[in-house]
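Residue-level structural notes
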Amino acid sequence: MTQLAAQLFTIRDFTKTQDDFAASMAKIRAIGYRAVQISTLGDIPDAAVKRICDDNGLTICNTHASVEHLQSDPDAVIEQHRLWNCRHVAIGGMPHQYRDSEAGFRRFAEIANKIGETLAAAGLSFSYHNHSFEFIKFGVKSGLALIFDETDPRYVQAELDTYWIQHGGADPIAWIERMNGRMPVIHLKDMVMLPPPSKSPPNELGGDLRPQQAMAEVGEGNMNFAGILDACKRIGVEWYAVEQDICQRDPFESLAISLRNLRAMGLS
């Protein structure tokens, strides 16, 4: 059975306190999700996170951690994930200090390899989550290609984000296929074009401002999700995490729309 999860960054404004987290997990379960990715929580004890998720029948399938925490205290990360019975750790993106050059990308790849090797020895996986800045080119190779080419697949896996690949001008399906055997979790979000504001001033072309690109619930935008999901099945993605950084409506409603549409596409 396909494993669908709610990425909690989507509802980050509703997970800042333990009481808010408990109420939000009850909502997530009522929507129909049975798993969550832990991300951007407030100061909530790890044991309380586990208890609240258990009380609501929610599996913690993966997490986002910072590079700094993974470097400074990997034992704490490992202990936390054992408590949560969670095997998958990811980072939300490359720290800014490595993004401005090919040398920076290569240095980050070295760091990622070391982090991943440490986690692998403890039975955990380590994945990199992309945005679109990684599609800057260094010669003929993108930064994202460099990250994965310069790291050991045993230690650094992928947590591709469909929207951000499209945003970077690349092909989500091709990238999914490229990560065959190297991607336990994928992030699903769609891309839509919103109409310009009704009172837009003329632009340099003499007309109204052009429609604006935006994030959308899965199935509500223009991306080829039939092809994306087929590719995910072919390469054996374990968890499908629904994420929407910016919602045009209540974020719980956005999560519900994406879940409904994914089920209509044949996922469960």
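Attention shifts here to the packing of aromatic side chains. Tallied over the entire structure, the rule returns 7 aromatic pairs. With centroids separated by 6.4 Å and ring planes inclined at 55 degrees, the aromatic side chains of F148 and W175 adopt a geometry described as tilted. Taken as a pair, F148 in helix 6 (residues 143–149) and W175 in helix 8 (residues 172–178) lie far apart in primary sequence, 27 residues in all. Per residue, the accessibility class of F148 equals that of W175, and both read buried. Of the aromatic side chains, those joined through ring pairs into one cluster are Y98, F108 and Y128. Between R12 and the ring centre of F9, over which it is positioned, the NZ or CZ distance is 4.0 Å.

Time to look at the pattern of salt bridges. Side chains that carry opposite charge are capable of pairing whenever their charged atoms lie near each other. Evaluated as defined, the whole model comprises 15 salt bridges. Residues E110 and R107 are paired through a salt bridge, measuring 3.0 Å at the closest nitrogen-oxygen approach. With a gap of 3 residues between them, E110 and R107 both fall in helix 5 (residues 102–121), about one helical turn apart. Given a relative accessible area of 38%, R107 falls into the partly exposed group. When the shortest N-O distance is used, the salt bridge between E217 and R249 registers 2.8 Å. Here the residue E217 occupies a position in the loop between strand 11 (212–216) and helix 9 (225–235), and R249 occupies one in the loop between strand 12 (239–242) and helix 10 (251–264), the gap between them amounting to 32 residues. Overlapping salt bridges, with partners in common, bring together D161, K189, E243 and D245 in one network.

What follows covers the nonpolar core. Soluble globular proteins: nonpolar side chains tend toward being buried together. By size, the foremost hydrophobic cluster in this structure holds 78 residues, and its most contacted members are I28 and W175. Here I28 is in contact with A6, I11, Y33, V36, L58, F252 and L255, once residues within four sequence places are set aside. If you look at the next biggest cluster of nonpolar residues, it comprises 6 residues, including A5, A35, C61 and V185.

Positive phi outside glycine occurs at T40, with the angle close to 60 degrees. Mapping T40 onto the fold places it in the loop between strand 2 (35–38) and helix 2 (46–55). Here the phi dihedral of N85 falls at roughly 55 degrees; this positive angle occurs in a residue that is not glycine. By the element assignment, N85 lies in the loop between helix 4 (74–83) and strand 4 (88–91). For N85, a relative accessible area of 63% puts it in the exposed group.

What follows concerns the side chain of K189. Of note, K189 is situated in the loop between strand 9 (185–188) and strand 10 (190–194). Within the local environment of K189, its side chain forms a polar contact with the side chain of D161, the two groups lying 2.4 Å apart. A polar side-chain atom of K189 sits 3.0 Å from a polar atom in the side chain of D245. Excluding anything up to four places from it in sequence, K189 contacts D161, T162, Y163, W164, M215, A216, V218, M223, F225, E243, Q244 and D245.

Turning next to the side chain of D245. Structurally, the position occupied by D245 is in the loop between strand 12 and helix 10. Here D245 is in contact with F9, R12, W164, K189 and M215, once residues within four sequence places are set aside.

Thresholds applied
- Residues numbered from 1 in each chain as written.
- Predicted model: local features only at pLDDT ≥ 70, side-chain atom pairs only at ≥ 80, totals over all residues.
- Heavy atoms only, no water.
- Phe/Tyr/Trp six-rings, centres within 6.5 Å; stacked < 30°, edge-to-face > 60°.
- Helix = DSSP H or I, 4+ residues; strand = E, 2+ residues; numbered from the N terminus.
- Buried < 20%, exposed > 50% of the residue type's maximum accessible area, 1.4 Å probe, protein only.
- Lys NZ or Arg CZ within 6 Å of the ring centre and 35° of its normal.
- Salt bridge = Lys/Arg side-chain N within 4 Å of Asp/Glu carboxyl O.
- Core = buried A, V, L, I, M, F, W, Y, C linked by side-chain atoms within 4.5 Å.
- Contact = heavy atoms within 4.5 Å.
- Polar contact = N/O pair within 3.5 Å; in protein donor to acceptor, adjacent residues only side chain to side chain.

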